[in-house]
Every structure is written in structure tokens, then in C-alpha cells.
Amino acid sequence: MSEPNHARRFTTIWVVATVIALPIVIFVLGPLLGQSGSEQASGQRTDMTVLAAVATPIILLVMLYLLYSVIFFRQPTGGALEGPAVRGDARIQTTWIVVTSTIVLGLAVFGTVQLEADYGSGSGNGPTPLTVPSGPKLPVQVIAQQWYFTYRYPTYGGVETPHLVLPVNKMIELNVTSLDIIHSFWAYQLGVKADANPNVNNVAFVKPTKVETFDVRCAELCGIWHGAMHDKGKVVSDGAFNTWIHEQQARFAAATKVLPPYSKTYLPEPTRRGG
Ligand SMILES: [Cu+2]
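All values reported here derive from a predicted model rather than from experimental measurement. (Residues numbered from 1 in each chain as written. Predicted model: local features only at pLDDT ≥ 70, side-chain atom pairs only at ≥ 80, totals over all residues. Heavy atoms only, no water.)

## Regarding the packing of aromatic side chains
Let me state the cut-off plainly: Note on aromatic pairs: the rings of Phe, Tyr and Trp (six-membered ring only in Trp) are paired at centre separations within 6.5 Å, and the planes decide the class, stacked below 30 degrees, edge-to-face beyond 60, tilted for the rest. Counting from the N terminus, the helices are the DSSP runs of H or I reaching at least four residues and the strands are the DSSP runs of E reaching at least two. Exposed residues in this analysis have more than 50% of their type's maximum accessible area, buried residues have under 20%, and partly exposed residues fall in between, with area computed by a 1.4 Å probe over protein chains only.
Following the criterion strictly, the structure yields eleven aromatic pairs and no others. Their ring planes at 85 degrees and their centres at 5.3 Å tell us that F10 and Y65 sit as a pair that is edge-to-face. With a gap of 55 residues between them, F10 in helix α1 (residues 6-29) and Y65 in helix α2 (residues 39-72) connect regions that are remote in the sequence. The interplanar angle of 50 degrees and the centroid separation of 6.0 Å between the aromatic rings of Y153 and F241 together place this pair among those described as tilted. Of this pair, Y153 sits in strand β2 (residues 148-153) while F241 sits in helix α4 (residues 238-251), and the two are 88 residues apart along the sequence. Residue Y153 is classed as buried on the basis of its relative accessible area, which comes to 0%. With relative accessibility at 3%, the residue F241 sits in the buried group.

So this is what it looks like as C-alpha cells:
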């Protein structure tokens, strides 16, 4: 009984499966791979889709070859036969090394470039970011503390608010810091997750693109009430933001007067008292 041409048959199966799977991965799975509340979140989602699309033919190659072997290279019943000796194939080996190296190195470059392309992809780039978006930015300071976040708006008299409200389609410069121990500021739908460390100003840029309510969480275990460190933030229209911020300025006027002056970082207690 002559063997069929396994190489050609398997390649055909693999190519057909890839052609069917790729549009599903890009158009059905892709939109599920992240959020779209900001330019940064959408950028992250596109990057995840690219990674998933590149991985699709590779996953299919491995899984289908396993399945193909189980079905067609099965040991005949009753026999315990040695397979034919395999002594390597220069063409296959060279192709494998070149293709896999190109994919891995290419994705490493892609990932690194994309991190900077989105101004740190919402991850926070430390006190002096490598790339800064041009044009006007609204600075908002995120102050983490056990166990809540507060927000200061330095361009609105340094008022400190217990909730985060942002205007839509404006570039926001988040200055993330902490008053006590390490936390992490996570605005889920906006694609922002930035370390909040005492004595550090961690800058993350984000441009919200949707009027929506988003989740704020602490993403760094920070003590017994870490799990309760969550809130809802809001992205609102320009007009609604102006109304809100002026309300906050009036409501917290007395508190603003006794706050320490706005600064990129604040010393935690008891260092604060000691100067
Ligand atoms: Cu925390």
C-alpha cells in the first residue's frame, strides 16, 4: 500500500484552516482583547490583535500536526514497530530557524515601538517620559493612599476631589503618586495601569474617546483594605466637566486652603511632619 503525500496533504489542511481562522481572530476575537475607552486603550487592543493574528498560523501548525499524527501515524494494532530513522533535513531546519527568529525578533521590535507610540500605552513612563504628546494637556494628579485615590487638578486652583472626572477627547496628563506605600492606579476602560509610588511622579498620558463610566481599581496589593480600593470614574462632555470642576472648587474651597501646596510628590507621614 503506497503512502499518500503527507507533506502536501498536511500543508493544504494547514493553509485552509489558517485562511478560515484568521478573519475570525481579527474581526471576532480581536475586539474582545481589550478596551476602547481611549486612544491608548484602542491602541493596546490593535497590538493584541496583531499578536493574536501572528500566533494563529503557529498555533494551528502545532495543534493540527499533533492531530494529524494521532490519526495517520498511529501504530498499527498488534504491531510494535520502530519508525524509520530520521536524520534531519537541512531545508526544513533552516526554514524553521529563519522563520521563528524573524517572528520573535520582529514582535519584540513591534512591541517596543508600540509602547512608545502610545506615549507609554497608559503604563506610566516615570517622571520624565521619553515622548510627550504635543498640544494642550489637562494635568490631573492621582494621589494613592490607604485605601482610596484622590485627584488634584492643578490648573483649577489645586482642588482635590474624591472622584475622577475627565473631559472627553482631551489629552490628559496623569501624574500618579502615592502618600504612603506602593499602589497601582488602574482605570480599566481607559487602558491605564500606572504604578503609584511614594516620592515618585509617574506620568501617564491618556486621551478618553467615549463619554462613559469607567472602573478605577488599585492593582497592587496594598494592605488589608486593598480589595475595597475601587471607584467609578467618569468621562463627560466639555461643558459637563466645566460645571463639575467649578462645583468641586466651590464645595472644597475651605479644604483647598489648608491642603499642602500642589507638588509633584508629597512626603508621607511622619516624614511630612519632620520636613
Ligand atoms: Cu492600593
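Here the narrative resumes.
## Side note on the domain arrangement of the protein chain
This is how the line gets drawn: The source of the domain bounds is an automatic or database domain assignment. Residues count as neighbours in contact if any of their non-hydrogen atoms are within 4.5 Å of one another. What counts as a salt bridge is simple: a side-chain nitrogen of Lys or Arg found within 4 Å of a carboxyl oxygen of Asp or Glu.
You can read the domains of the protein chain as domain 1 (6-73 + 93-117) and domain 2 (138-258). On a C-alpha basis, the centroid separation for the pair domain 1 and domain 2 is 37 Å. In this assembly, eight residues from domain 1 lie in contact with twelve residues from domain 2. Linking domain 1 with domain 2 are one salt bridge. Measuring nitrogen to oxygen at the nearest pair gives 3.7 Å for the salt bridge that ties E39 to K207.

## Observations concerning the sheet that holds strand β5 (residues 172-178)
Put simply, the rule reads: Strand pairing requires that DSSP identify at least two bridges connecting the strands. Axis definition: a line fit to C-alpha positions, over the contact stretch in the case of helices; interaxial angles, taken between N-to-C directions, run 0 to 180 degrees.
Ordered in space as β3-β2-β1-β5-β8, the five strands form an open sheet in which the pairing is mixed. The sheet is open, and its two edges are formed by β3 (159-161) and β8 (202-206), each paired on a single side. Shown here is a sheet whose adjacent strand axes are inclined to one another by a mean of 25 degrees, direction ignored. Both β5 and β8 contribute to a ladder of five bridges, which runs antiparallel. In the strand pairing of β8, E173 is matched with F205. Lying over the sheet, α4 contacts β1 (138-145), β2 and β3, oriented at roughly 105 degrees with respect to β3.

## Describing the nonpolar core
The line we're drawing: Residues belong to a common nonpolar core when they are buried Ala, Val, Leu, Ile, Met, Phe, Trp, Tyr or Cys residues joined through side-chain atoms within 4.5 Å.
Among the nonpolar cores identified, the biggest contains 34 residues, and V140, F149, Y151, Y153, L174, F185 and F241 are the most heavily contacted of them. When residues in this core are grouped by element, the largest group, four residues, is from β1. If we ignore the near neighbours within four places in the chain, the residues touching Y151 are V140, Q141, V142, V159, E160, T161, P162, H163, L164, F185 and V216. Counting six residues, the second-largest nonpolar core is a separate cluster that includes F10, A17, A21 and Y68.

## Side note on the pairing of β2
Counted residue by residue, β2 has five buried out of six residues, so it is predominantly covered. Both β1 and β2 contribute to a ladder of five bridges, which runs antiparallel. Opposite Q141, over in β2, you have R152 as the bridge partner. Bridge analysis of β2 against β3 gives three bridges, and the strand direction is antiparallel. Looking across to β3, one finds that Y153 is bridged to V159. In textbook terms, the turn of a hairpin is the stretch between consecutive antiparallel strands, and for β2 and β3 this stretch comprises five residues, one of which, G157, has a positive phi near 75 degrees.

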